Amino acid sequence: MDRTRLELEPGVWLDAGRAVWLEEWRTLAVADLHLGYAWAHRAEGQLLPVDTGEDSTERLLRLLAKYPAEEVVLLGDIVHRAVDVPALHTELRWLALNVGERARLRLIGGNHDWELAETLATANIVLEVDDHAVVGPHLLLHGDGADEITAEARLSETGPRRGRVILGHEHPAIGLSDGVASHVKCPCFVAGDGFLVLPAFSHWAAGGDIRSYRFMSPYARLRPSTHAVAIVAGKLLPIPLTKR
Amino acid sequence: MPVESSVSPSAFAWFADRYGTPTPAQKAAWPRIARGENILLASPTGTGKTFAAFLGVLDELVQLHARGELRDTIHCVYVSPLRALSYDLEKNLHQPLRELYGDKPPIRVQLRTGDTTSSERARQYTKPPHILLTTPESLCVLLSQERWLVHLSRVRWLIVDEIHALAENKRGAHLALSMERLAHHCGKLQRIGLSATIAPLDEVARFLVGTHGTCTTLDVSSSKKVKLSVHTPLRKNPYPEAGYTGQRMIRELGELIRKHQTTLVFCNVRSGAEATTYWLRENFPDLADVIECHHASLERDVRRDVEDRLKRGELRAVVCSTSLELGIDIGSVDLVVMMSTPKGVSKALQRAGRAGHNIRSISRGILMATNISDLVESCATVLLSRARQLDNVRMPESPLDVLAQHVVSMGCTEHWSRAGALALIREAYPFRDLDAGMFDDVLDYLAGGGASLRQRYSEVFGKIVLDADGFRTREGRVRREFLQNIGVIPNVGQVQVRTKTRLLGSVEEMFIRQLQIGDVFMIAGRPVRLEKVTQMEAWVTKADGALPTVPRWNANKMPLSNRVAQEINAFRKELRTAFEEGQKDVDKWIAKRLDCGKANAEIILKTHLAQHELSEIPTADFLLVEELEDEEQGALHYFFHSLIGRTSNDALARVITRRLSEARGGNAIATPHDYGFVLTVAKRQRFVEADFPRLLSLEGFDDALDEAIRQSDMLKYHFRNAAQTGLMVYRNYFDRQKSVRKLQWSAEVIFNVLQQHEPEHVLMREARRDALQTFIDAEGAREFLIAQQSKPVRLRRVPMVPPLSFAMYATKIKEALLVEDPYETMERLYHQWWEKIENGPHSS
C-alpha cells in the first residue's frame, strides 16, 4: 500500500511531498514556500545558513514526475520577504523556468508576498500574482485577510458544489509521542467540513501544533476540523481530531 | 615588605582608625599589590576583601592627585558578575573619598552596567571615571568602541570579584577574552582576583592571568571559622504515623528562625524557595511579615526591597535559591540553613560563609536532611568540608559562540591579522587550546559563509570582511546592532508577572501557558491569581489564603560533586564490611564515622541493614543492578547504582538506553539521579547477565552519545543559546517573533535545517560541546565506564524497591503541581514503603 499518498475524497489526493493533487483538473497545489527565508533574515542582520535546505524546485519537480499535472498552483507566501537579493531572483527564475516547462504555473499572493510583483519584474519573470484561483468546484487561496462574513459566504458557495476551500497560511503541525521518551512535531494537512489546510512546503516552517493553537484564518475556524493527516518519515498518517 | 609600608602612612592610619587591625586577607594582599604582582585572593565574606583590593589603588590615586598628576583616564577597572555587587561597592568606595575630599571628590568612581542611562554614558565618555565598576558584558561593549579605547589605554589595575562564579561558565570565557584584549591594549596590566573558597585555586589563577601570566595565590579562607552541622527532623523512626516530615521540617525550621536574629535559608531550586516561604508563613503567622523570598526571577525592585530590609535587620528570615550566595552585603545573618544537601562542599562552605558578617564571628551553617540519602550525603559533605576537600572546577573549552562574538567585537576597533588575533585569543585561558581550523571556521561563518559562497554572491550579509591577511568588522548597521547584542545570558521565553501597580517578577512562558484564568500560583512567596495573559505579561491580583500551584522554573538543578560521591562510596564500603564481619555496635561506629549523633546513626543503620538484607550495599568495587517487577505497570525497573552524579548518569543512561534499544528494540525510560539511574522497560526487554558487556562497553561510546542527544530538547536548548551568543539570531528577535506565535520561527527550525544539511556548522558543534559538558557530563560517564571495564556487574532480583534505590525511584514520580504534594505524596509513599520494610518484604 502506497502510504505516500492518500485519497481524502474522490479526486482529492494528499501527498507526503506536502502537496494536494486535484485529479480531475490535473492540478497540483502547494503552499507557503517562503523562498529566500534565510536571505531575508540575513538582510536583517541574522546570519542564517543560506546554502542549505532550499530545495523547493527540486521537490516540485519530483511531484511533477509523479503526477501528470498541467497546472501548479503556489498558494501564497511564495517568498518570505521580497528582499532585493540576486540569490532570491535566481531562485525564483529557477523555479519558474523548471516548473513552467512542465506545467502552467499560477501564483497566489500571501501576506508575505506584498512586494512579490516587483521582485518578479526585477527578476525578469513574466507571471501574474492573483488573489485566488478556482479549480473545478474548489476555491484556492492563501487564507489571510478575509473577514468572517466573506469567509462564510465563500464556504457556503463551495460546500454545495462538493468543493473545498483550500488554503495555506497556517503552517499546521501536530505533535506525536510514543508515550515514553520520544516526541516529534510533524507537519500535517488539516481536513474539515468544506476546507483543507495544506502544510507549509518550506523546511523553514516550524509549524504550530494544531492541538494548542487556534487557526488564524476564518476559513479554518468557521467549520469543524475532522482530522489531521501527519507527514511522518515521508509517509502519511491520518489522525482523527475530536474537537476543535 | 611590612604591611604598614605597602600603603602610604596616611592611608594606613586612616584605615586603622576606621577599621582597626587589618584582616589576614588585607595583610596578605597589600604588600603584593604594592609590588605590582598579580594575585588571586581566596577569602570568605566579611574578611575585608574590598579594602584588601582597593586600599592600595585608592592610595595611589590620592597620591597622584596630591602631586597634580592625576589624569582624566580610567586607572582601575573592577568587574563583577552581579550588578548588585557593583552598586554596593560604589557606596563603599565613596565613603573614604568623601571623608577625604568632601562632597565632590576629584577621584571619580562610577558604575557602568546595562542600567546606566545614555546621558550618564555620555558624561562618562567626556569625563571618564578613574575607577570604573562594571560587568563582563559592559566591559566588552566599551572594548568594542574605538573612541573608548582611548580611555582604556592606561588601565593599571584590573580587579575581578567573585571570580569563582565566572571561571566555570561561558560568561567567564567571555570575560577572559576581554581581559586579554585589555591587557594587550594597555601593554601592562596588574590583575587582582577575589574569590570565595573553591579549588583548584590554581585553575582559577590561570583563568585570571591568562595562559602565560604569573599569579600568586593567597588562600586565607581558613581565617574565618565555619561550623557546619547536620540536622534532620527524621528522628528515631523516620516515618512516624502522625504527621509528615515535610510539615515537621517546616516547624523545626521555624523554631530555628525563632531562636536566631536573622536566618538565611537556602533551597536548591526556586520553586522550593517559594514553597518554603509560603509554608513558613502559614505555620508561623506572627512571623509572616518578616519572612521573605528572594531569587533571580523576582523583579529587581522586589529583590532590592528584601535586600535592604535584610541589611537593616528588619527580617527574621529570607528564603532564597542561589541568589544570595554571592557577596552582596546583607547585613548580619547569624544562621544559614541549607534545605537538603547543597550538592557540594564548596557550595556548603560558600553558603555557610554568608553567616556571621565579620572576621571575628563564627559562621554557622546547618544542613537540613529530609530523607535518608540526604542524610548520608549531608554528613559526608560536612566531613569533607572540615577536611577542606573541595570540589573541582570544570571550565568550558573554547566555546565557539563566545569566540564569534569577540571576533566581531575585536574587528570593530581595528583590522586584525589572522595570526595576531589567534595568538591573542589563545592567551585567554579557556581558549588556550583553540584549534586553528576551528578559528578559521568561525571566521568563515562570520564572513557570511565559506569562500565559494562568497564568490558566488556579491553580498552575503556577513558581519566581518575577510581579506588576505585578516579581518575587520563591517561598519554601520552591523556594528550598531552588535553593540545591542553583547553578552552570553540567554533569553528564555519569559513572561512578566505584574499587578496593576507593581512588577513582581518573571515566570517561564511554559508555565503560564499551562494555567487558566483564575488559577492561583506563587510568586515572591505570595499567592496570586491569574487575571489576564498577553504576549509578554501576566496580570495578577493578590490571592492570600488560596492554595497555589508553584511555578516550576527550569533552573539548573546542581549535580552531586565527585568528592562527596567518593566519600559516600567509602562510607558504604566500610559499613558493608562491618555487616559482613558481624561487627557489634555498628550504630556507635556510624555516629563516630559521620559525626552525626546517635539518632541519625540509628536511622542510617536501620536503612542500610534493610538494604543489606533485601539486596546488598553497593560500593565502588562493582556495579549493582537491581531488577524489580512492577506488576501494576507491567514493566521492569532496573536500578543501576553508579554513584557518579546526575549529569554523568544522564550521559550514561542515554547511551545504555540507546544500546538496549538497538539490541532489543522498543524504548526505555531512563531517570538519571545523583546516585544512579533507573531504566524502565517492557517485560519482553528483560536483561540477562550476558547483556552487560555490550551495554557497558566503551567502544562507540562517543558516537552513541552523539546519536542519543541528536534530537533531544536539551541539544536544541543549547543550540538556541549558541545561536544567540554566536550572532545568528538576535535576542530581541525572539520577542518580536513571539508575537507571531503561530508561526514560531524559532531556533528549533534553524536547528532542524542544520541538523539535516550542515551538522558541522560551528554553532552546532558548540551546542554539542555545551550539552556534553553542562547538563550531561560525558567525561564523567566515560571515566566511569573505563573503571568499570575491570569490575564485575551484579544483577539482583528484588521483591520491592530497596532503601538505597528509593530516592531514584521516587524521582521517577512526576512532581505534582500542587504545593502540598511534593511533601505529602512523597511522604505517603515513603510511609507505605517503610511499612513494608518493617514488616518484611513478603508481607503487604
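Computed from a prediction, not measured in an experiment: that's the story for all the values here.

Let us now look at the environment of Thr501(B). Residues and elements named next belong to chain B. Summarising the element assignment, Thr501 is placed in the loop between β17 (494–498) and β18 (503–508). Given a relative accessible area of 75%, Thr501 falls into the exposed group. Sequence separation of Thr501 and Ala404 is 97 residues, and the distance between their C-alpha atoms is 42 Å.

Residues and elements named next belong to chain B. Predicted confidence across chain B gives a mean pLDDT of 83, with 85% of residues reaching 70 or more. Ranking the elements of chain B by mean pLDDT puts helix α29 (residues 731–738) last, at 46, and helix α17 (residues 418–427) first, at 98. Under a pLDDT of 50 for its full length, residues 552–556 has, in the predicted model, 15 contacts with residues more than four places off or in other chains. Across residues 814–826 the pLDDT falls below 50, and counting only partners more than four positions away or on other chains, this stretch makes 24 contacts in the model. Scored by ipTM, the complex comes to 0.83, with pTM at 0.80.

Our focus in this paragraph is the sheet that holds strand β3 (residues 19–22) of chain A. All names here are of chain A. If you walk across this open sheet you meet the 7 strands as β1-β2-β3-β4-β5-β6-β7, and the pairing is mixed. Two strands in the sheet have a free side with no partner beyond their single neighbour: β1 (5–9) and β7 (129–130). Across the sheet, helix α2 (residues 56–66) lies against β1, β2 (12–15), β3, β4 (27–30) and β5 (71–74), angled at about 155° from β4, the strand it touches most.

With that settled, consider the packing of helix α27 (residues 701–709) of chain B against helix α31 (residues 762–773) of chain B. Residue and element names in this part refer to chain B. As a packed pair, α27 and α31 sit with axes 11 Å apart at the nearest point and diverge in direction by 105°. Here α27 lies roughly perpendicular to α31, going by the angle between them. Residues Leu705, Asp706 and Ile709 of α27 form the contact with α31, whose participating residues are Arg768, Ala771 and Leu772. Looking at the contact of α27 with α31, its residues break down into 4 nonpolar, no polar and 2 charged.

Below, the discussion takes up the pairing of β3(A). Note on strand geometry: in a regular strand, side chains alternate between the two faces of the sheet. Residues and elements named next belong to chain A. With burial as the criterion, each face of β3 is covered, one bearing Ala19 and Trp21 and the other bearing Val20 and Leu22. Connecting the antiparallel pair β2 and β3 is a turn made up of 3 residues, with Arg18 showing a positive phi of about 70°. Inspection of the sheet shows β3 paired to β4 by 3 bridges, in the antiparallel sense. Residue pairing in the sheet places Trp21 in a bridge with Leu28 of β4. What sits between the antiparallel neighbours β3 and β4 is a turn of 4 residues, in which Arg26 has the positive phi angle 50°.

Rules of the game
- Residues numbered from 1 in each chain as written.
- Chains lettered and ligands numbered in written order.
- Predicted model: local features only at pLDDT ≥ 70, side-chain atom pairs only at ≥ 80, totals over all residues.
- Heavy atoms only, no water.
- Helix = DSSP H or I, 4+ residues; strand = E, 2+ residues; numbered from the N terminus.
- Buried < 20%, exposed > 50% of the residue type's maximum accessible area, 1.4 Å probe, protein only.
- pLDDT = per-residue confidence, 0-100.
- Contact = heavy atoms within 4.5 Å.
- Pairing = 2+ DSSP bridges.
- Axes fitted to C-alpha atoms, helices over the stretch in contact; angles between N-to-C directions.
- Parallel < 35°, antiparallel > 145°, perpendicular 65-115°, else oblique.
- Nonpolar A, V, L, I, M, F, W, Y, C, P; charged D, E, K, R; others polar.

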